[in-house]
Amino acid sequence: MTVPNITLNDGKTIPQLGFGVFQIEPENTKEATLTALEVGYRHIDTAEMYGNEKEVGEAIEASGIPREEIFVTSKLNNGFHDPALAAENGKKSADLLGGYTDLFLIHWPLPTVSDFVPTWKAMEDLYHAGTARSIGVSNFQAHHLNRLAAETTITPAVNQIEVHPYLVQDELRAYGTEHGIATEAWSPIAQGLVLDDETITRIAGATGKTPAQVVLRWHIQRGDIVFPKSVTRSRVEENFAIFDFELSDDDMTAITSLDKGHRTGPDPDTFDYVPA
Ligand SMILES: NC(=O)c1ccc[n+]([C@@H]2O[C@H](COP(=O)([O-])OP(=O)(O)OC[C@H]3O[C@@H](n4cnc5c(N)ncnc54)[C@H](OP(=O)(O)O)[C@@H]3O)[C@@H](O)[C@H]2O)c1
């Protein structure tokens, strides 16, 4: 099964399907990541906030797979927006993940508690130093991206945002397409919330696939990058087996029509959590 690559605006390529490790306890992360790598995933999405970068790094090393064959994303935690802290923590994440990150993101814009523009300039420095091979943002709204465009040099390679059938985010995704910013869809199955939806179970029945496979396939056909999380081997395998079928235009439209603007996570315009 071949996972397609997406070419980013800096010329680097990223596998369109990866494995997310949010809410995997550090003591389970090495095993979960090794399972994903055994199944065939070559893209891991972690973050300083998840507390398991070290274990992701250990799994990559233990796998015997050359580091350059695995695409690893991490994210700058909310307490580190100060440019000096951003520089230090970008380097820390890189050190834990085999010497560099393939993609390093500002995790949240935190517009009510800090100014992300100087932070982005520190991210640009990490990019120029090769500490982060690509840089991007997460949870940025169009007006945050407009500020980066006006006041900084590098266009983010990606914007990682909450996207699933109950929050289809077509406006922000279109902004990304227009400006060369790839969309990464976090919580792609809404942490399981959408899997009992009647439309999705109907399409699953008709295609002979599971609800999770249908939803992940919908993301893939929309061109977004996804990294479902699971600590269950059979689900890790199931989520990887989505390249041998295609959803019809009618099915795609029916799933997109489920949008109800429902966020499972915080609103980026008001979220202000900074760890102590
Ligand atoms: N940038 C951000 O702010 C942000 C925020 C949230 C998430 N993320 C990223 O996005 C990744 C994915 O999001 P997520 O972890 O929140 O949620 P998700 O991938 O949408 O859903 C994960 C949940 O669904 C279950 N699951 C997985 N595959 C399944 C399947 N085939 N059938 C039924 N249930 C299944 C998992 O259970 P088990 O594990 O028990 O199998 C887990 O409870 C994260 O790991 C992280 O990398 C980023």
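Residues numbered from 1 in each chain as written. Predicted model: local features only at pLDDT ≥ 70, side-chain atom pairs only at ≥ 80, totals over all residues.

1. Considerations on the packing of helix H7 (residues 198-207) against helix H8 (residues 211-222)
The interhelical angle for the contact between H7 and H8, taken along N-to-C directions, is 100°, at an axis separation of 8 Å. Taken together, the axis directions place H7 and H8 in an arrangement best described as roughly perpendicular. Together, Ile 200, Thr 201, Ile 203, Ala 204 and Thr 207 of H7 and Pro 211, Val 214 and Val 215 of H8 make up the contact between the two elements. Split by residue class, the contact of H7 with H8 holds 6 nonpolar, 2 polar and no charged. (Axes fitted to C-alpha atoms, helices over the stretch in contact; angles between N-to-C directions. Helix = DSSP H or I, 4+ residues; strand = E, 2+ residues; numbered from the N terminus. Parallel < 35°, antiparallel > 145°, perpendicular 65-115°, else oblique. Contact = placed C-beta atoms within 7 Å. Nonpolar A, V, L, I, M, F, W, Y, C, P; charged D, E, K, R; others polar.)

2. Overview of the site of the ligand
Gly 20, Phe 22, Trp 186, Ala 212 and Lys 229 are the nearest of the 28 residues found near the ligand. With 3 residues, helix H9 (residues 233-240) is the single largest residue contributor to the shell around the ligand. Among the residues making up the shell around the ligand, the classes are represented as 11 nonpolar, 13 polar and 4 charged. (Near = placed C-beta within 6 Å.)

3. Points about the UniProt feature "domain: NADP-dependent oxidoreductase" (unreviewed entry) in the chain
Per the UniProt record, "domain: NADP-dependent oxidoreductase" (unreviewed entry) is annotated on residues 23-259. Split by type, residues 23-259 is 47% helix and 12% strand. Its first and last C-alpha atoms lie 25 Å apart. (UniProt positions renumbered as here; feature names shortened; annotations may be inferred.)

4. Quick word on the pairing of strand S7 (residues 135-138)
As a general feature of sheets, a regular strand has side chains that alternate between the two faces. Of the two faces of S7, the one holding Ile 135 and Val 137 and the one holding Gly 136 and Ser 138 are both buried throughout. Relative to S7, strand S6 (residues 103-106) runs parallel, the two being bridged by 3 bridges. For Ile 106, the partnering residue across the bridge sits in S7 and is Val 137. Handedness of the crossover is the feature at issue here: the chain leaves S6, passes through helix H4 (residues 116-129), returns alongside S7, and the resulting connection is right-handed. Here S7 runs beside strand S8 (residues 158-162); their pairing, made up of 2 bridges, is parallel. (Buried ≥ 20, exposed ≤ 12 C-beta atoms within 10 Å, placed from the backbone. Pairing = 2+ DSSP bridges. Right-handed = clockwise from strand over helix to strand, strands pointing away.)

5. Some words on the pairing of S8
Of all 5 residues making up S8, 5 are buried, and the element is well covered by its neighbours. With helix H5 (residues 142-151) bridging S7 and the parallel S8, this β-α-β connection has right-handed handedness. Pairing between S8 and strand S9 (residues 182-186): 5 bridges, direction parallel. Counted as the bridge partner of Asn 159 is Thr 183 from S9. With helix H6 (residues 170-179) bridging S8 and the parallel S9, this β-α-β connection has right-handed handedness.

6. Brief notes about the sheet that holds strand S5 (residues 71-76)
Strand order in the open sheet formed by 8 strands is S3-S4-S5-S6-S7-S8-S9-S10, and the pairing between neighbours is parallel. Of all the strands in the sheet, the pair left with one neighbour each is strand S3 (19-20) and strand S10 (225-226). Its contacts with the sheet place helix H3 (residues 83-96) against S5 and S6, and it is angled at close to 150° to S5.

7. As for the packing of H4 against H5
With their axes 10 Å apart at the nearest point, H4 and H5 run at an angle of 60° to one another. Taken together, the axes of H4 and H5 are oblique relative to one another. Crossing handedness for the pair H4 and H5: right-handed. Contacts between H4 and H5 involve Phe 116, Val 117 and Trp 120 from the former and His 144, Arg 147, Leu 148 and Glu 151 from the latter. Partitioned by chemical class, the residues of the contact of H4 with H5 number 4 nonpolar, 1 polar and 2 charged. (Left-handed = near helix turned anticlockwise from the far one by under 90°.)

8. Quick look at the nonpolar core
Formed by 71 residues in total, the largest nonpolar core has its most connected members in Phe 104, Met 123, Ala 132 and Val 215. Apart from residues no more than four positions distant in its own chain, Phe 104 is found in contact with Ser 74, Leu 76, Gly 90, Ser 93, Met 123, Leu 126, Ala 132 and Ile 135. (Core = buried A, V, L, I, M, F, W, Y, C linked by C-beta atoms within 7 Å.)

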